[in-house]
Every structure is written in C-alpha cells, then in structure tokens.
Amino acid sequence: QVQLVESGGGLVQPGGSLRLSCTASGMFVYIYDMGWYRQAPGKQRELVASLTHGGATNYADSVKGRFTIARDNANNTLYLHMDSLKPEDTAVYFCNADWPYNNDYHYWGQGTRVTVSS
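Source: prediction; values computed, not measured. Sequence order as written defines the numbering, with residues in each chain counted from 1. Confidence filtering applies because this is a predicted model: local features only for residues at pLDDT of at least 70, side-chain atom pairs given and counted only at 80 or more, and all residues used for totals across whole chains, interfaces and linings. The basis for the side-chain values is all heavy atoms of the structure; hydrogens and waters are excluded.

## What to know about the side chain of arginine 38
What counts as a helix is a DSSP run of H or I of at least four residues, what counts as a strand is a run of E of at least two, and both are numbered from the N terminus. Structurally, the position occupied by arginine 38 is in strand 4 (residues 33-39). In protein, a polar contact means a hydrogen-donor-capable atom and an acceptor-capable atom, both N or O and within 3.5 Å, with residues adjacent in sequence counting only if both atoms are side-chain atoms; elsewhere, any N or O pair within 3.5 Å suffices. Within polar-contact distance, the side chain of arginine 38 engages the side chain of serine 62 at 3.3 Å. Engagement of the side chain of arginine 38 in a polar contact is seen with the side chain of tyrosine 93, the distance being 3.0 Å. In this analysis, two residues are considered to be in contact whenever any of their non-hydrogen atoms come within 4.5 Å of each other. With residues near it in sequence (within four places) discarded, arginine 38 still touches Gln44, Arg45, Glu46, Val48, Ser62, Val63, Phe67, Glu88, Asp89, Ala91, Val92 and Tyr93.

The structure is reproduced here in structure tokens:
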C-alpha cells in the first residue's frame, strides 16, 4: 500500500524559511514523477514544483528562485525547501506521485499546512 506522509509545515514570519518533507512507503520516490502542490483557502490546487524520475525540475513562476524541490533516495523522501516566504505562500501543501509510464497510478499525501504571517 502506497503512503505519502508530509511534515514540516507550520507558522513562519514573512522572509523566513521552512523545509517540507514527504516520506513515502510502498513505492520509491526516484521511480515516480513527484510533485508538490498547494491549495490556499478559496483557491484551486496548484502545482508548486515537480521532479521527474529522470531528475528534471519545474517550478511555478511565483516560487522560482525561492523554493527548491529535492529527493533523498536513501530515505525515500521528497523535500521542498522554501526560502523568502511570503504571506501569499500560505496554503496546505500536498505531496504527489505519478507513475511516469501511464496514467494508472496517482497518489497524494494528506497535506501539511504552511502559514506565513507576522
């Protein structure tokens, strides 16, 4: 059974940093295309950053230069390093895994809340 468990969210002041973690079980993060999404109150879920099984990364324009997606194969964990946080980064952040070879397998974590406020 595949499980994705996010952690690391919390309250941070504007300009601060956080590191989100997504620990996977039942699958390997280096085999799947992985991503971080976020959903702010009253808004649709949006892609923040992605990391393909081949190592290619992609970022939303709003986070480029501030967020970094990375994986630790040994610990089977996906990370999102977030710097220079802004109030508009406030959202619930979700980890996602997609099987890269067809559309048969998609997995989501339960989300971790990030609040950027003074």
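## Let's talk about the state of the cysteines
Disulfides are defined as pairs of cysteine sulfur atoms found within 2.5 Å of each other. Counted by the stated rule, this structure contains 1 disulfide. Between the sulfur atoms of cysteine 22 and its disulfide partner cysteine 95 the distance amounts to 2.1 Å. Note on the cysteine 22 and cysteine 95 pair: the S-S dihedral is about -75°, so by sign convention the disulfide is left-handed. Of this pair, cysteine 22 sits in strand 3 (residues 18-25) while cysteine 95 sits in strand 9 (residues 91-98); the two residues are 73 residues apart in sequence, bridging distant segments of the chain.

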